[in-house]
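If you want the building blocks of each chain, they are given just below.
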Amino acid sequence: MKLQSKNRLRASALGALVVSGALVLTACGSDDNSTPSKDGSTKAAAPVDNAMCEGAKGQLLASGSSAQKNAVDEWIKAYMASCPGVEVNYKSSSSGEGIVAFNQGTVGFAGSDSALKPAEVEDSKKVCKDGQGINLPMVGGPIAIGYNLNGVDNLVLDAPTLAKIFNSKIKKWDDEAIKKLNPGVTLPSTAIQAFHRSEDSGTTQNLGKYLSKTATADWPYEPEKKWPAPGGQAASGSAGVAAQVKQTDGAIGYFELSYATSQDIKTVALNTGAAAAVPATSENASKAIAAAKIEGTGKDLALKLDYTTKADGAYPIVLVTYEIVCDKGNKAETLDTVKSFLNYTSSEAGQKLLTDKGYAPIPAEINAKVRETVASLS
């Protein structure tokens, strides 16, 4: 009897251990498919239709824009959880570095916050046999102007004032131009510490497009990926600029909104001439992006954005990140995986994920053309 009793206890303990282990494994699995929300809780990542995994296999390398990094990380997490046997690696660097890597044939696709230039398209023909590189708009969002100013929780700036700040013409936070835009706000005489990207960046170029269109007298520079203005301090990547703003009193910089929300960095509301100053939000960026027009030809879907909009609630400092691919001549060993992954990122589920991460989904009409183009890649 004693022996039987011991055996039953041993069996019960083993059973409990198995159940406990199963629960641990289940919990680990759910962690792989959940995303932290702003309040610290988790929720299921955007589901991937298993049909999208068809043909995908092996390793897919990609690189480029750091502005889309947080979106791509979430996409990869959901995609790889649903498509076993596939590994997607995205190196967050810069738009310029991504395009170089693509035109050298070392990545399956590149992320760029600016459409390919004619010279870059020409270079791509060496890699895209019988084809060329094209732009697929995949991620939209506001370029937030983040700041760190002790005692100031709400700040409004307009394009000319912003241009003078980044052009080293306004050097103190209590400058009259800033005071005029912020009546009732006590502004300290703290020195302005302006941060910009150190490497070629599509985010820099998009900020430059906004300033060159809306503050022509104060921003006499062509919108290029390389930072053009004198003065200021440089940092690497959106993450680097955000980190410097976060730790420096008197700082101001620019980066994709998700870097501000994830680090609790305060952001500027823009006086655009609309009825009220417009804060940087996904919804307000979507209002601006919705007015974009396709200016690319053939399968190229490069967009033309209206940086001068004065529509109520439209935040005009926006960027669209393109995934750069070959229309024809993609490498046979990665073609199916590229199509599979981009089919997911442009899907309703993939785009829905963007809003939760501080991005703006691509307008439905344009996104439908993206999916059509992805399906036609060869």
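On a predicted model such as this, the values are computed, not experimentally measured, just so you know.

## With respect to helix α10 (residues 282–289)
What α10 keeps buried is the set Ser 282, Asn 284, Ala 285, Ala 288 and Ile 289. What you see down the axis of α10 is that its buried residues fit within an arc of 160 degrees, all on one side. Where α10 is buried, its residues meet β6 (133–148), α9 (257–263), β15 (318–326) and α12 (348–356).

## Section: the side chain of Gln 68
Within the fold, Gln 68 resides in the loop between β3 (58–64) and α2 (69–82). Using a relative accessible area of 0% as the deciding quantity, one classes Gln 68 as buried. A polar atom in the side chain of Gln 68 sits 3.0 Å from the side chain of Tyr 90. Excluding residues within four positions of it along the chain, Gln 68 makes contact with Tyr 90, Gly 111, Val 139, Thr 321, Glu 323 and Tyr 359.

## Concerning the nonpolar core
By size, the foremost hydrophobic cluster in this structure holds 73 residues, and its most contacted members are Ile 145, Leu 155, Leu 162, Phe 166, Ile 178, Ile 252 and Ile 317. At 6 residues, the largest contribution of residues to this core is made by β15. In this view, Phe 166 contacts Ala 194, Phe 195, Leu 207, Trp 219, Trp 227, Ala 229, Pro 230, Ile 252, Gly 253 and Tyr 254; residues no more than four positions away in its chain are not counted. Counting 34 residues, the second largest nonpolar core, distinct from the first, contains Met 52, Leu 60, Val 86 and Leu 353.

## A short note on the pattern of salt bridges
According to the stated counting rule, one finds 7 salt bridges in the structure shown. Salt-bridge contacts for Lys 69 lead to Asp 73; the nearest nitrogen and oxygen are separated by 2.6 Å. In this pair, Lys 69 and Asp 73 are both assigned in helix α2, 4 residues apart and thus about one turn of the helix distant. For Lys 69, a relative accessible area of 31% puts it in the partly exposed group. Judged by relative accessible area, which is 31%, Asp 73 ranks as partly exposed.

## Observations regarding the packing of helix α5 (residues 159–166) against helix α7 (residues 202–214)
It is the contact of α5 with α7, at a shortest axis distance of 9 Å, that shows an interaxial angle of 120 degrees. By the angle class used here, α5 and α7 are oblique. Note on packing geometry: the crossing formed by α5 with α7 is left-handed. Along the contact surface, α5 presents Ala 159, Pro 160, Leu 162, Ala 163 and Phe 166, while α7 presents Leu 207, Tyr 210, Leu 211 and Thr 214. Among the residues forming the contact of α5 with α7, the class breakdown is 8 nonpolar, 1 polar and no charged.

## Focus on helix α8 (residues 237–247)
Buried within α8 are the following residues: Gly 237, Ser 238, Gly 240, Val 241, Ala 242 and Val 245. Those residues of α8 that are buried lie in contact with β6, β8 (193–197), α7, β9 (233–235), β10 (251–256) and α9.

## A few points about the confidence of the model for the protein chain
Residues at a pLDDT of 70 or more form 88% of the protein chain, whose mean pLDDT is 88. Between residues 1–44, whose pLDDT stays under 50, and residues either more than four places distant or in other chains, the model counts 23 contacts.

## A short note on the packing of α2 against α12
Remark: α2 packs on α12, axes separated minimally by 10 Å, with the N-to-C direction vectors making an angle of 135 degrees. Considered as vectors, α2 and α12 are oriented oblique to each other. For the pair α2 and α12, the crossing hand works out as right-handed. Between α2 and α12, the contacting residues are Ala 71, Glu 74 and Trp 75 on the first element and Gly 350, Gln 351, Leu 353 and Leu 354 on the second. Tallied by class, the residues present in the contact of α2 with α12 amount to 4 nonpolar, 2 polar and 1 charged.

## Some details on unusual backbone geometry
One non-glycine residue, Ser 168, lies in the positive phi region at around 65 degrees. Tracing the sequence through the fold places Ser 168 in the loop between α5 and α6 (176–181). Since its relative accessible area comes to 28%, Ser 168 is described here as partly exposed. Residue Asp 264 is not a glycine yet carries a positive backbone phi of 55 degrees. Relative to the helices and strands, Asp 264 is located in the loop between α9 and β11 (266–267).

## A look at the state of the cysteines
The bond known as a disulfide is covalent and runs between the sulfur atoms of two cysteines. Enumeration according to the criterion identifies 2 disulfides in this entry. Here Cys 53 is linked by a disulfide to Cys 83, with a sulfur-sulfur distance of 1.9 Å. On the S-S bond that ties Cys 53 to Cys 83, the torsion sits near -70 degrees, and the link is left-handed. Taken together, the residues Cys 53 in the loop between β2 (42–44) and β3 and Cys 83 in the loop between α2 and β4 (86–92) connect sequence positions 30 residues apart. Note on accessibility: Cys 53 and Cys 83 belong to one class, buried. Described in terms of the sequence order of its bonded cysteines, the disulfide pattern of the protein chain is 1-2, 3-4.

## Comments concerning the pairing of β10
Of all 6 residues in β10, 6 are buried; the element is thus mostly enclosed. Summarising the sheet, β6 and β10 pair through 6 bridges and their orientation is antiparallel. When the sheet's bridge partners are listed, Ile 145 is paired in β10 with Tyr 254. Bridge count between β8 and β10: 2 bridges; the pairing is parallel. Paired with Gln 193 across the two strands is Ala 251, which belongs to β10.

Calculation criteria
Residues numbered from 1 in each chain as written. Predicted model: local features only at pLDDT ≥ 70, side-chain atom pairs only at ≥ 80, totals over all residues. Heavy atoms only, no water. Buried < 20%, exposed > 50% of the residue type's maximum accessible area, 1.4 Å probe, protein only. Helix = DSSP H or I, 4+ residues; strand = E, 2+ residues; numbered from the N terminus. Arc of directions from axis to C-beta. Contact = heavy atoms within 4.5 Å. Polar contact = N/O pair within 3.5 Å; in protein donor to acceptor, adjacent residues only side chain to side chain. Core = buried A, V, L, I, M, F, W, Y, C linked by side-chain atoms within 4.5 Å. Salt bridge = Lys/Arg side-chain N within 4 Å of Asp/Glu carboxyl O. Axes fitted to C-alpha atoms, helices over the stretch in contact; angles between N-to-C directions. Parallel < 35°, antiparallel > 145°, perpendicular 65-115°, else oblique. Left-handed = near helix turned anticlockwise from the far one by under 90°. Nonpolar A, V, L, I, M, F, W, Y, C, P; charged D, E, K, R; others polar. pLDDT = per-residue confidence, 0-100. Disulfide = S-S within 2.5 Å. Pairing = 2+ DSSP bridges.

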